[in-house]
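Here is how the chains run, residue by residue.
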Amino acid sequence: MKTKNYRRTTLLICLLTSLTTACGCSGRRQTGQDPASAADASIPPDEPSGSLDITAYKSRLQNSRIPVSGYDSYEQDARMLKNADFPNISFADCRFEPFPDTDSLHVLLEHDRMMTMEESWDTIASWLEKTGLDSRTDMKKDVRVVTTEMDFADGDYPNFYENMSLLSHGGGAFLTTDSCHIQIGAANGIYSMSDGKMEAYMKETEHRTGYAAMGGYSDNVIKEGSVSSLGELEYPLLSGKMSVAEGARLVREYFEAGTPYPPAEGITLDIPYVRIFQFDDKYGYDYTVSRHYHNVPVALSDYGGGMQYTEYHPVEDIKHAYVVDDNGVSAFCGTNACIPMETLYSDTDIISLADAAQIVSGYLSGGLMVNVQKTALTYAPVMSEKTGDNIYLFPCWQFTGINTVKNEAIRIYTDVFTGNIYFYTKNNADGFRGT
């Protein structure tokens, strides 16, 4: 079934409402080709416009694959790669993530939920009531909309209530006042919000409330790391001391309850990483939120642009949630876990980690020398102009590290079924920290 993905409109919302600090918030990447660091990447043949040709995809299945269930030699392969002598890739300093408990993997297509105007309106109204901010807001006046369906001058966004009859869906509705911020993702529930607590405490006048949703007050990071390693630490938040682990529990419960829809079928949530930040004389927790599909993580990235080198390019999840008191999530921005997914292809056999490393080494050009810092089995969300705005999730070996030739961060995906490669780089060598 053909679908249209509206994440690009969400990026437009973020840009036009001046929420972004360094980049667009949907994770879209700049494409380009740098002869000095490009690879002879594996690019699938032309696909029919707007869709992925699964028949053509299956024709590229690798013969030398192993059962994904009971991959007993995974740790052995990891140890072997630690000592392997590739000409252009090193695993000597690599952290190999545990192999997930799964007996099959899938090629998935995301489908947009497409909220109606009434659903968007009711979602904003319910959120205002739950946060106690309804008395400070005149929704009929303050709710605006960013949409390609109406002409409007820059900065003068149409009134949502007055123009509902002219819209085909409720995506793009947003509210940004001196007290709070909320925006409805272009298709899939709440994309960002801030209850205004950080702004109020800082007596902020320069930035509006959407600033907190994009991490505007979390730059002064005093410690960061995995939630599992920092969970017992406690810091004074606005409501008193709270542990990192307790904050992570509140984040998980918040998103599991739905914003406003609960996670899609097969999706569970993980809170893998935290940045502890100081704002004025208080502290807050900036958590990374990850989707898992049947125990396999969906790839995460973070804010910051990059360079693409393959026709199919990664558009990983980006999601941060901020906790500053014992009420739970005070602000967040990022991919909604409610996005439904359709299974296009399933298989029980995959390319081994060792074979994937060989494939990657074979494709890397002389302009690359990669020091791999992390390897994991993930679902890589990717898209191509040839398939419209559709986002597909391919099961891949993910290799994250540094191209030491240019001191740039690099992430390489190798499809575990076909061996196709998708990769991109970031100028910042720490560009994938926490993901």
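Keep in mind that this is a model prediction, so the values were computed, not measured.

A.B. asks: Honestly, the layout of surface pockets in this entry has me stumped. Any pointers?
C.D. replies: Space left empty within the atom packing is revealed by a probe, the size of a water molecule, rolled over the atoms. In this structure, the largest pocket encloses a volume near 810 Å³. Sort the elements by how many residues they give to the lining of the largest pocket and strand E22 (residues 370-383) lands first, with 5 residues.

A.B. asks: What am I meant to see in helix H4 (residues 117-131) here?
C.D. replies: Given 3.6 residues to a turn, an α-helix orients residues that are three or four positions apart in the same direction. A rise of 1.5 Å per residue sets the reference length of H4, with its 15 residues, at 21 Å; its end C-alpha atoms lie 22 Å apart and thus fit the reference within 8%. What H4 keeps buried is the set Met117, Ser120, Trp121, Thr123, Ile124, Trp127 and Leu128. The arc that holds the buried residues of H4, viewed along the axis, is 160°, so those residues lie on one side. Among the exposed residues of H4, those oriented more than 90 degrees off its buried face are Glu129 and Lys130. Phi for Gly132, located one or two positions after H4, is positive at around 75°.

A.B. asks: What should I look at first to understand empty space enclosed by the protein in this one?
C.D. replies: For the structure on display, the rule yields 4 cavities of 30 Å³ or more. Of the voids in this model, the second largest cavity is the one considered here, and its volume is about 60 Å³. For the lining of the second largest cavity, the per-class residue count stands at 5 nonpolar, 2 polar and 3 charged.

A.B. asks: Just to check I follow, could you spell out the pairing of strand E23 (residues 392-403) for this structure?
C.D. replies: Regular strands place their side chains on alternate faces of the sheet. Where burial is concerned, most of E23 is hidden: 12 out of the 12 residues are buried. In this structure, E22 lies alongside E23, joined through 12 bridges in antiparallel fashion. Bridged to Tyr379 within E23 is Pro395. Across 8 bridges, E23 lies against strand E24 (residues 408-415) in antiparallel orientation. Residue pairing in the sheet places Cys396 in a bridge with Asp415 of E24. Counting the residues in the hairpin turn of E23 and E24 gives 4 residues, including Asn407, whose phi is positive at 50°.

A.B. asks: How should the pairing of strand E9 (residues 190-194) be read in this particular structure?
C.D. replies: Burial of E9 is extensive: 5 of the 5 residues sit out of reach of the surface. Both E9 and strand E19 (residues 328-334) contribute to a ladder of 3 bridges, which runs antiparallel. Considered in E19, the bridge of Met193 is made with Phe332.

A.B. asks: Quick question: what am I supposed to make of the nonpolar core here?
C.D. replies: The nonpolar side chains of a soluble globular protein tend to be buried, and buried together. If you look at the biggest cluster of nonpolar residues, it comprises 105 residues, and the most contacted ones within it are Phe91, Tyr287 and Trp397. When residues of this core are assigned to their parent elements, the largest contribution, 7 residues, is made by E22.

A.B. asks: Would you mind showing me how to read unusual backbone geometry here?
C.D. replies: Note on backbone geometry: most residues besides glycine have negative phi, and most peptide bonds are trans. Across the junction of Thr259 and Pro260, the peptide omega takes the value -5°, indicating a cis bond. Structurally, the position occupied by Pro260 is in the loop between helix H9 (244-256) and strand E13 (267-279). The phi torsion at His294 lies on the positive side, around 45°, for a residue other than glycine. Residue placement: His294 occurs in the loop between strand E14 (282-293) and strand E15 (296-297).

A.B. asks: What is the right way to read the packing of aromatic side chains from this model?
C.D. replies: The geometry of an aromatic ring pair is captured by the separation of the ring centres together with the interplanar angle, meaning the angle of the planes. Enumeration according to the criterion identifies 31 aromatic pairs in this entry. Ring centres of Tyr74 and Phe99 lie 5.4 Å apart, and the angle between their planes is 45°; this geometry places the pair in the tilted category. Placement of Tyr74 in helix H3 (residues 74-82) and of Phe99 in the loop between strand E4 (95-96) and strand E5 (105-110) is noted, with a sequence separation of 25 residues between them. Pairing Phe91 with Phe399 gives two aromatic rings, centres 5.8 Å apart and planes at 70°, and the pair type is edge-to-face. Of this pair, Phe91 sits in the loop between strand E3 (89-90) and E4 while Phe399 is found in strand E23, placing the two residues 308 residues apart along the sequence. When sorted by exposure, Phe91 lands in the same class as Phe399, which is buried.

A.B. asks: Help me understand the confidence of the model for the chain, please; the structure alone is not making it clear to me.
C.D. replies: Low pLDDT marks stretches whose predicted atomic positions should not be read closely. For the chain, the mean per-residue pLDDT works out to 87, and 87% of the residues sit at or above 70. Scored below 50 in pLDDT, residues 1-49 makes 150 contacts in the model with residues more than four places away or belonging to other chains.

A.B. asks: Can you help me understand the pattern of salt bridges in this one?
C.D. replies: A side chain with one charge may pair with a side chain of the opposite charge, provided their charged atoms come close. Enumeration according to the criterion identifies 14 salt bridges in this entry. Notably, a salt bridge pairs Arg65 with Asp347, separated by 2.8 Å at the nearest N-O pair. Placement of the pair is Arg65 in the loop between helix H2 (54-58) and strand E2 (66-67) and Asp347 in strand E20 (residues 341-347), with a sequence separation of 282 residues. Among the ionic pairs, Glu253 bridges to Arg249, the shortest N-O distance being 2.6 Å. Here Glu253 pairs with Arg249, and both are found in helix H9, just 4 residues apart, close to one helical turn. Overall, the relative accessible area of 35% leaves Arg249 in the partly exposed class. Within the structure, one salt-bridge network assembled from shared partners comprises Glu110, Arg291 and Asp317.

A.B. asks: Please clarify how the packing of H3 against helix H10 (residues 353-363) should be interpreted in this entry.
C.D. replies: Packed helix pairs are characterised by how far apart their axes lie and by the angle those axes make with each other. Remark: H3 packs on H10, axes separated minimally by 8 Å, with the N-to-C direction vectors making an angle of 35°. Between H3 and H10, the residues in contact are Tyr74, Asp77, Ala78, Met80 and Leu81 and Leu353, Ala354 and Ala357, respectively. Each residue belonging to the contact of H3 with H10 can be placed in one class, and the counts come to 7 nonpolar, no polar and 1 charged.

A.B. asks: Would you mind going over the side chain of Asn88 with me for this structure?
C.D. replies: Along the chain, Asn88 turns up in the loop between H3 and E3. By relative accessible area, Asn88 is classed as buried at 7%. There is a polar contact of 2.8 Å between the side chain of Asn88 and the side chain of Ser361. Asn88 has contacts with Ser361, Leu364, Leu368, Met369 and Val370, leaving out every residue within four places of it along the chain.

A.B. asks: Mind showing me how you'd approach the environment of Val329 here?
C.D. replies: By the element assignment, Val329 lies in strand E19. Considering only alpha carbons, one finds Val329 and Phe255, 74 residues apart in sequence, at a separation of 9.1 Å. Apart from residues no more than four positions distant in its own chain, Val329 is found in contact with Met193, Asp195, Val251, Tyr254, Phe255, Ala321, Tyr322 and Val323.

Parameters and conventions
- Counting restarts for each chain: residues are numbered from 1 in the order of the written sequence.
- This being a predicted model, a pLDDT of at least 70 is required before a residue's local features are given, and a value of 80 or more before pairs of side-chain atoms are given or counted; all residues contribute to the totals for chains, interfaces and linings.
- Working from all heavy atoms in the structure, the side-chain values ignore hydrogens and water.
- Grid spacing is 1 Å over the protein atoms alone, the probe is 1.4 Å, and a cavity is where that probe fits but cannot get out, while a pocket is an open set with protein on both sides within 12 Å along at least five of seven lines and lining residues have an atom within 4 Å of a point.
- Grid points are joined across faces, edges and corners, and a volume is the space filled by probe spheres set on the points.
- Secondary structure counts use DSSP, requiring at least four H or I residues in a row for a helix and at least two E residues in a row for a strand, with both numbered from the N terminus.
- Expected helix span is computed as 1.5 Å times (number of residues minus one).
- Residue exposure (1.4 Å probe, protein chains only): buried if accessible area is under 20% of the type maximum, exposed if over 50%, otherwise partly exposed.
- The arc under discussion is defined with respect to the helix axis, by the directions toward the C-beta atoms.
- Throughout this entry, Asp, Glu, Lys and Arg are counted as charged residues, while Ala, Val, Leu, Ile, Met, Phe, Trp, Tyr, Cys and Pro are counted as nonpolar. The remaining residues, Gly among them, count as polar.
- Two strands make a pair as long as DSSP finds a minimum of two bridges between them.
- Among buried residues, those of type Ala, Val, Leu, Ile, Met, Phe, Trp, Tyr and Cys that are joined through side-chain atoms within 4.5 Å constitute a nonpolar core.
- Ring pairs are drawn from Phe, Tyr and Trp, using the six-membered ring of Trp, whenever the two centres fall within 6.5 Å, and their geometry is named by plane angle: stacked under 30 degrees, edge-to-face over 60, tilted for the rest.
- Scored from 0 to 100, pLDDT records how confident the predictor is in each individual residue.
- Contact criterion: two residues are considered in contact whenever any of their non-hydrogen atoms come within 4.5 Å of each other.
- Here a salt bridge means any side-chain nitrogen of Lys or Arg lying within 4 Å of a carboxyl oxygen belonging to Asp or Glu.
- Angles shown run from 0 to 180 degrees and are taken between the N-to-C directions of axes, each axis being a line fitted to C-alpha atoms and, for helices, limited to the stretch in contact.
- A 3.5 Å cut-off defines polar contacts: any pair of N or O atoms within that distance qualifies, except that in protein one atom must be a possible hydrogen donor and the other a possible acceptor, and neighbouring residues in sequence count only when both atoms are side-chain atoms.

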